[in-house]
Amino acid sequence: MTTAAANPAIADPAITDPAARARLLDAIRFDSRGLVPCIAQQHDTGEVLMLAWMTREAAEETLATGRVCYYSRSRGGLWRKGETSGQQQRLVDLRLDCDGDTLLALVEQTGVACHTGRRSCFYRALREGALAEIATPEIAPEALYGR
């Protein structure tokens, strides 16, 4: 798969105007912990890849750089998608829902999105009354994280 930087059909999504970034950031309704859910979706196929959280700082960095940055609740800090695994997300568009309390990041995903080595985190579903895995790992998590 090509990355956004190598794909000329995907314009540089970085918003260089701080005032423009602030307008979007000010419209986001962060919860009492300063978080907003962000759904990551492959921009050209519509495939839902994952859900993660953003703080204002993570959303600001994402808009400023064009590389998706989330907030890791377990680590208590910014999580630049792919900084450990190499499985990066390049922002194509960042959208805000009607209530202002959920973000949709249209991305160009490099490799897999899920820490389990699957393309999408949504790989379990009910099948014949039982919870089943409907996608297999494309890469071993140990290969992604060296564990």
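Above this text you will find the structure in question.
Please read all numbers here as calculations on a predicted model, not as lab measurements.

A closer look at the nonpolar core
Okay, so step 1: C38, M50, M54, Y70, L94 and L103 are the most contacted members of the largest nonpolar core, which has 22 residues in total.
Okay, so step 2: Mapped by element, the contributors of at least two residues to this core are β1 (36-42), β2 (48-54), α2 (56-65), β3 (69-72), β5 (89-96) and β6 (103-109).
Okay, so step 3: With four residues, β2 is the single largest residue contributor to this core.

Section: the pairing of strand β4 (residues 77-80)
One face of the sheet, then the other: side chains in a regular strand alternate in exactly this way.
Okay, so step 1: Two strands pair when backbone bridges link them, and β3 and β4 are joined in this way by four bridges, in the antiparallel orientation. Note on β4: the bridge partner recorded for Y70 is W79.

So, the state of the cysteines
Okay, so step 1: All told, the structure shown has zero disulfides when counted by the stated rule.
Okay, so step 2: For C114, which is in no disulfide, the shortest distance to another cysteine sulfur is to C121 and amounts to 3.6 Å.
Okay, so step 3: The buried category is assigned to C114, whose relative accessible area is 3%.

Looking at the environment of R23
Okay, so step 1: Considering the arrangement of structural elements, one finds R23 in helix α1 (residues 18-27).
Okay, so step 2: Overall, the relative accessible area of 56% leaves R23 in the exposed class.
Okay, so step 3: In this structure the C-alpha to C-alpha distance between R23 and Q88, which are 65 residues apart in sequence, comes to 26 Å.

Observations concerning the pattern of salt bridges
Okay, so step 1: A full pass over the atoms with the stated rule returns seven salt bridges.
Okay, so step 2: For D31, the salt bridge identified is with R33, shortest N-O distance 2.9 Å.
Okay, so step 3: Overall, the relative accessible area of 29% leaves D31 in the partly exposed class.
Okay, so step 4: A relative accessible area of 54% means that R33 is categorised as exposed.

Scoring rules and cut-offs
- Residues numbered from 1 in each chain as written.
- Predicted model: local features only at pLDDT ≥ 70, side-chain atom pairs only at ≥ 80, totals over all residues.
- Heavy atoms only, no water.
- Core = buried A, V, L, I, M, F, W, Y, C linked by side-chain atoms within 4.5 Å.
- Buried < 20%, exposed > 50% of the residue type's maximum accessible area, 1.4 Å probe, protein only.
- Helix = DSSP H or I, 4+ residues; strand = E, 2+ residues; numbered from the N terminus.
- Pairing = 2+ DSSP bridges.
- Disulfide = S-S within 2.5 Å.
- Salt bridge = Lys/Arg side-chain N within 4 Å of Asp/Glu carboxyl O.

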